Amino acid sequence: MTQQGAALQNYNNELVKCIEELCQKREELCQQIQQEEEEKQRLQNEVRQLTEKLARVNENLARKIASRNEFDRTIAETEAAYLKILESSQTLLSVLKREAGNLTKATASEPKSSVGKDS
């Protein structure tokens, strides 16, 4: 019976040792879980902050693109109007030169004697 008692004591000691090892592994696992939960929370906060920052950047970008488009439209309209002014100026210059030439021809063909007789 002593032999059976010794065997039972050995089994009991091994059982206690196994339970202690399992408890230790469980505690290590709990610590790892806690660390990963903290890491998860930190990453979620970063994601939230980055999402907010991305939203702000997108809003600013949209405003700036709209402003750029307005600049493009204004520049295009201004350039078109300026080209019309240049064309009108060129036409005016051509008409003026032609009329000046006609006036010069008309005054050159008038008799010079008629200019002084009216006085």
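Residues numbered from 1 in each chain as written. Predicted model: local features only at pLDDT ≥ 70, side-chain atom pairs only at ≥ 80, totals over all residues. Heavy atoms only, no water.

The name an unreviewed UniProt entry gives the protein chain is SS nuclear autoantigen 1, with Phyllostomus discolor as the organism.

Asker: I tried to follow the UniProt feature "coiled-coil region" (unreviewed entry) in the protein chain on my own but got confused; where do I start?
Answerer: Residues annotated by UniProt as "coiled-coil region" (unreviewed entry) correspond here to residues 16–67. This span, residues 16–67, is 100% helix and 0% strand, and a straight line between its end C-alpha atoms measures 75 Å. (UniProt positions renumbered as here; feature names shortened; annotations may be inferred. Helix = DSSP H or I, 4+ residues; strand = E, 2+ residues; numbered from the N terminus.)

Asker: Please explain the pattern of salt bridges as it appears in this structure.
Answerer: Side chains carrying opposite charge are able to pair once their charged atoms draw close together. Under the counting rule described, the total for this entry stands at 5 salt bridges. Residues Glu39 and Arg42 are paired through a salt bridge, measuring 2.6 Å at the closest nitrogen-oxygen approach. Residue Glu39 and its partner Arg42 are both found in helix H1 (residues 2–109); the two are separated by 3 residues, about one turn of the helix. Between Glu52 and Arg48 there is a salt bridge, with its nearest N and O atoms 3.4 Å apart. Taken together, the residues Glu52 and Arg48, both in helix H1 and 4 residues apart, mark about one turn of the helix. Glu52 sits in the partly exposed class, given a relative accessible area of 38%. One salt-bridge network, in which partners are shared between bridges, spans Glu39, Arg42 and Glu46. (Salt bridge = Lys/Arg side-chain N within 4 Å of Asp/Glu carboxyl O. Buried < 20%, exposed > 50% of the residue type's maximum accessible area, 1.4 Å probe, protein only.)

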